[in-house]
Structure formats: structure tokens, C-alpha cells
Amino acid sequence: MPDRAFDDPRLAALYDPLDPDRSDLEPYAAILTELGARSVLDVGCGTGTFAALLADRGLEVIGVDPAEASVEIARTKSDAVTWLVTDATRLPPLDVDAATMTANVAQVFVTDEDWLATLRGIREALRAGGHLVFESRVPERRAWLEWDRAHTWDRTEVPGVGGVESWRELIGARDDLVSFRSTFVLEDTVVLTSDSTLRFRSREQIESSLADTGFTVIEVRDAPDRPGREYVFVARRAD
Ligand SMILES: C[S@@+](CC[C@H](N)C(=O)[O-])C[C@H]1O[C@@H](n2cnc3c(N)ncnc32)[C@H](O)[C@@H]1O
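Computed from a prediction, not measured in an experiment: that's the story for all the values here.

Enquirer: Where do I start with the nonpolar core in this structure?
Expert: Of all hydrophobic cores here, the largest spans 25 residues; its most connected members are Met101, Ile122, Leu132, Phe134 and Leu210. Contributions of two or more residues to this core are made by strand 1 (39-43), strand 2 (60-64), strand 4 (96-101), helix 6 (112-125), strand 5 (126-137), helix 8 (203-212) and strand 11 (230-237). The dominant element in this core, judged by the number of residues it contributes, is helix 6, at four residues. Apart from the residues lying within four places of it in its own chain, the contact partners of Leu210 are Leu119, Leu132, Phe134, Phe215, Val217, Phe233 and Ala235. If you look at the next biggest cluster of nonpolar residues, it comprises 24 residues, including Tyr28, Val40, Leu53 and Ala98.

This is the structure we're talking about:
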């Protein structure tokens, strides 16, 4: 079940306006160019910014996300993308050059069972020798230490909505699981919250889960827009 932040139409509509800087996406597009990918499956496409950007550049793109409200927004960004309300374990037959998971989608899979099933589903969708590119936060950086009101509070004027106050608060951090609440106050009156739990896997855990599901890790890069904070995995389907 996706978090309310992605699946409530009022909150999904705030995702892009509250986080308009998508300088994280261009490095992904550059990796896909390096890999020579012409067809891409974007898993956890959310409101579709990356999938639409790739389609605008002539790639064949399938964007999938279980949050219907987010996919509804994605549909308004491109008619060229095939948008599907689903996850990587329930895909139609595909044979794509590459798959991506941008903006830490990999961390939403809290259980090993869901994470491994997702990796297997992606492997199945890739052509022989196809690539998977995704990121996960470096756990040692403990990003959640700044997930409090003081660091995250903001007020944004959102066209068609009005003033939106938003902030994030930690609910709990135990082992490699971090839970937090996002609060949104619309026009000083409507208060909406969304609770999330993310898994902060180590680099070794991710590498071993990739090996277990039929991938060879080619490289682990840094994210140029968030130096030292992210592992960006480039893996190839092992045949
Ligand atoms: C932080 S958003 C990232 C969205 C998008 N990739 C981006 O770059 O803006 C995380 C996304 O993961 C999606 N998600 C949640 N559970 C999922 C699942 N089981 N499979 C695929 N995506 C999932 C959410 O619905 C949400 O759209």
C-alpha cells in the first residue's frame, strides 16, 4: 500500500510544487544514455516527471506506480508514456533495455520479501543484458537526524491551492527502519498527514540482494546533486 502522500489526490497534487528542484534526474538520464538504453521501465514513477522527460527525448517508456492519484498526475505530463497503476511484481510481459527507480523508491520496500520480489519482477521485465539503475540513501549519513520541524518546515504558494505549510517529524528509528510523519496544512485550515517507513539498507545488503535475484553490480556511483549521501547502483541482468 503506497503512503497517503502519494495516493491521496490532494497530497499527490502537492508532490511537484513542494519539491520542484529535480536536478537529481539529469544524472539518471545521462547514465541511460551511457548504457545506450532506448526502452525504459520506471518503477515507482510517482507523478511521472522522469518518465515524461525520457519520453520527450524519444525513448520508449513504461511508468508504473501503485499510487493511482500520482499516476493520474503523471498521465497529464505525457501521452507518449505507457502509465500503469501497478508494482513491479504484477507487470505485463516486457523486454526493456533498462529499469530505473529514482528518488529513493528502493527504500519503500520495508520487508526483504517485498524488496526481493520487486527485484525479481524487474529482472523479468529486462531484456538479456538489460540494466537496473537506482539509488538508496547512505545509512551512515543518518539523514533522518534532520527530519524534524526545524529543518524541514516550509511554506509554499501552490497555484490553485493557496498557501501550504509542510514539515516532517520523526516517529521512530530502530535498526535500519525509520518512520516519520509528513504534515501538510492547506490554507491554514485543512491538516493532512501521511506516515511513512523507509528501510536504510547497507551497500553490502543491497549488493547481496542484487546478486541473489540475478543481477551483477557493475558500479556504485555517487549522486552528483547529493554528494556522499546516496549510493547509485548500476546493475546488469546476469544471464
Ligand atoms: C519518493 S516517491 C518517488 C517518485 C518518483 N520516482 C520521483 O522521482 O519523483 C516514491 C514512490 O514510490 C512509490 N511506491 C510505493 N510503493 C511502491 C511499490 N510497491 N512499488 C513501486 N513503487 C512504489 C510511491 O507510490 C511513490 O510514488
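Having seen the model, we can carry on.
Enquirer: Which parts of the structure should I look at to understand the pairing of strand 5?
Expert: Looking down a regular strand, the side chains alternate between one sheet face and the other. Counted residue by residue, strand 5 has ten buried out of twelve residues, so it is predominantly covered. Relative to strand 5, strand 4 runs parallel, the two being bridged by five bridges. Its bridge partner lying in strand 5, Ala99 is registered against Leu132. Where strand 5 lies against strand 11, seven bridges are found, and the strand directions are antiparallel. What sits directly across from Leu132, in strand 11, is Ala235.

Enquirer: In this structure, what is going on with the sheet that holds strand 8 (residues 177-186)? I would like to understand it.
Expert: Working definition: the strands of a sheet are paired by backbone hydrogen bonds and lie parallel or antiparallel to each other. With antiparallel pairing, the four strands of this open sheet are ordered in space as 6-7-8-9. The sheet terminates laterally at strand 6 (154-158) and strand 9 (190-199), the two strands that pair on one side only. The sheet shows a mean angle of 25 degrees between the axes of neighbouring strands, direction not considered. When strand 8 meets strand 9, the two strands line up antiparallel, connected through ten bridges. For Val185, the partnering residue across the bridge sits in strand 9 and is Val191.

What counts, and at which threshold
- Residues numbered from 1 in each chain as written.
- Predicted model: local features only at pLDDT ≥ 70, side-chain atom pairs only at ≥ 80, totals over all residues.
- Heavy atoms only, no water.
- Core = buried A, V, L, I, M, F, W, Y, C linked by side-chain atoms within 4.5 Å.
- Buried < 20%, exposed > 50% of the residue type's maximum accessible area, 1.4 Å probe, protein only.
- Helix = DSSP H or I, 4+ residues; strand = E, 2+ residues; numbered from the N terminus.
- Contact = heavy atoms within 4.5 Å.
- Pairing = 2+ DSSP bridges.
- Axes fitted to C-alpha atoms, helices over the stretch in contact; angles between N-to-C directions.

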